[in-house]
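Structural features, examined
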Amino acid sequence: MTEVIVVTSGKGGVGKTTSSASISTGLALHGHKTVVIDFDIGLRNLDLVMGCERRVVYDFINLINHECNLTQTLIKDRHKGVDDLYVLAASQTRDKDALTKEGVGEVIQMLKDDGFEYIVCDSPAGIEKGALLALYYADRAIVTTNPEVSSVRDSDRIIGMLQSKTLRAEKGEEPVTTSLLLTRYSAARSNNGEMMHVTDVDDVLGIPVIGVIPESKDILTASSTGDPVILNKDSDAGQAYDDTVRRILGEDLPLRFTEEKKGFFSKLFGR
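Residues numbered from 1 in each chain as written. Predicted model: local features only at pLDDT ≥ 70, side-chain atom pairs only at ≥ 80, totals over all residues. Heavy atoms only, no water.

A closer look at the side chain of T8
This is how it is decided: The secondary structure listing takes helices from DSSP runs of H or I that are at least 4 residues long and strands from runs of E that are at least 2 residues long, numbered from the N terminus. Residue burial is assigned from relative accessible area. The probe radius is 1.4 Å, only protein chains are included, and a residue is buried under 20% of its type maximum, exposed over 50%, and partly exposed in between. Should any heavy atoms of two residues lie within 4.5 Å, those residues are considered in contact.
One can find T8 in strand 1 (residues 3-8). Judged by its relative accessible area of 0%, T8 is buried. If we skip the residues at most four places from it in the chain, T8 touches K16, S123, I142, V143, T144 and I158.

Spelled out as structure tokens, the structure:
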């Protein structure tokens, strides 16, 4: 059984591609055959974050247009220990009108027939065509947001789209399983009132929180080197993404990194 997961948001720059890279890598690390698709036609960067930009020969649009086959298009991940992960890159030279509902559906079916257990769709921001097609075939949606009012407001709009603009909604089937991934979270700044607390975001959006990713310089380093941060076992952000993947797979884990870390003297004097 294949599950189609869309990583989406209403606002750009919240960490969707970083999250898609780490979630897909994590699923593969747990032994599941996984593919991650870049839906940001014309502005692709998933291949950079995954470290495979020099190996892109054919892309998503080539496959939709039958200019190549699935084997020619999929790029096998290069990271040690990640055996069953593949990348389907977006086109840099076409525009989003090259995407069609029928074409995307055909590719999704090809991947299902090829035995993929998870298809992760890295959505562009907003509610334009690429974003709507990224979520149309979803079984699960991970709504990615930063703990700031504008980002949360835009995410609420995406939740409405997930309830009404998917294939499941059109067929009257069970709704898309929707959960919240809170990125760039700083407990210290939240306590100081500089950003929303995780419980405030939860209250506004009303969907379960599947992960809280702490603000970390490790994420920028990982993106620059083409190594998803989940591979960094010493990083709080990497551990938080691993927790998120485990929750996707059904484990019941408490949320970490939601409280400010105490220094030595704070612990000593109980502050």
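Regarding the packing of aromatic side chains
What counts is decided by this rule: Classification of ring pairs rests on two measures: the distance between centres of Phe, Tyr or Trp rings, Trp counted by its six-membered ring, which must be within 6.5 Å, and the angle between planes, read as stacked under 30 degrees, edge-to-face over 60 and tilted in between.
Under the criterion given, the structure shown has three aromatic pairs. With a centroid separation of 5.1 Å and 75° between ring planes, the pair formed by F39 and F60 is classed as edge-to-face. With a gap of 21 residues between them, F39 in the loop between strand 2 (34-38) and helix 2 (46-50) and F60 in helix 3 (residues 60-64) connect regions that are remote in the sequence. Each member of the pair F39 and F60 is classed as buried. Summarising the aromatic geometry, the rings of Y136 and Y137 are spaced 4.8 Å apart at their centres and angled 90° between planes, so their arrangement reads as edge-to-face. By relative accessible area, Y136 is classed as buried at 7%.

Regarding the nonpolar core
Test applied: Buried residues of nine kinds, namely Ala, Val, Leu, Ile, Met, Phe, Trp, Tyr and Cys, make up a nonpolar core once their side-chain atoms join them within 4.5 Å.
Among the nonpolar cores identified, the biggest contains 50 residues, and F39, F60, L99, V104, L111 and I119 are the most heavily contacted of them. With five residues, the top contributor of residues to this core is helix 7 (residues 149-164).

Some thoughts on unusual backbone geometry
At H66, a residue that is not glycine, the phi angle is positive and equals roughly 60°. Within the secondary structure layout, H66 lies in the loop between helix 3 and helix 4 (70-73). Judged by its relative accessible area of 54%, H66 is exposed. Positioned with a positive phi, F257 is a non-glycine residue whose angle comes to about 65°. Examined against the element boundaries, F257 turns out to sit in the loop between helix 12 (236-248) and helix 13 (264-268). F257 gets classed as buried once you look at its relative accessible area, which sits at 16%.

With respect to the packing of helix 7 against helix 10 (residues 198-205)
Using the following cut-off: Here an angle of 0 to 180 degrees is reported between the N-to-C directions of two axes, which are lines fitted to C-alpha atoms, with helices fitted over the stretch in contact. Crossings are assigned a handedness: left-handed for a near helix turned anticlockwise from the far helix by less than a right angle, right-handed for a clockwise turn. Under the scheme applied, nonpolar residues are Ala, Val, Leu, Ile, Met, Phe, Trp, Tyr, Cys and Pro; charged residues are Asp, Glu, Lys and Arg; polar residues are all the others, including Gly.
Packing of helix 7 against helix 10 brings their axes to within 10 Å, and their N-to-C directions diverge by 35°. In this structure, the crossing between helix 7 and helix 10 has a hand that is right-handed. Side by side, helix 7 and helix 10 meet where V152, S155, D156 and I159 of the first sit next to V201, V204 and L205 of the second. For the contact of helix 7 with helix 10, a count of residues per class yields five nonpolar, one polar and one charged.

Re the environment of K76
Using the following cut-off: Polar contacts, as counted here, are pairs of nitrogen or oxygen atoms within 3.5 Å of one another; within protein the pair requires one atom able to donate a hydrogen and one able to accept it, and residues that are adjacent in sequence qualify only if both atoms are side-chain atoms.
Note that K76 resides in strand 3 (residues 75-76). Separated by 24 residues in sequence, K76 and C52 have C-alpha atoms that sit 8.7 Å apart. Setting aside chain neighbours within four positions, we find K76 in contact with R55, V82, D83, L85 and Y86. A polar contact of 2.8 Å, which involves the side chain of K76, links it to the backbone oxygen of D83.

Description of helix 5 (residues 101-113)
Let me state the cut-off plainly: By definition here, a helix of n residues has an expected span of 1.5 Å times n minus one.
Over its 13 residues, helix 5 runs 18 Å from end to end, which matches the ideal 18 Å to within 8%, given 1.5 Å per residue. Within helix 5, burial applies to G103, V104, G105, V107, I108 and L111. After helix 5 finishes, the residue G115 shows a positive phi value of roughly 90°.

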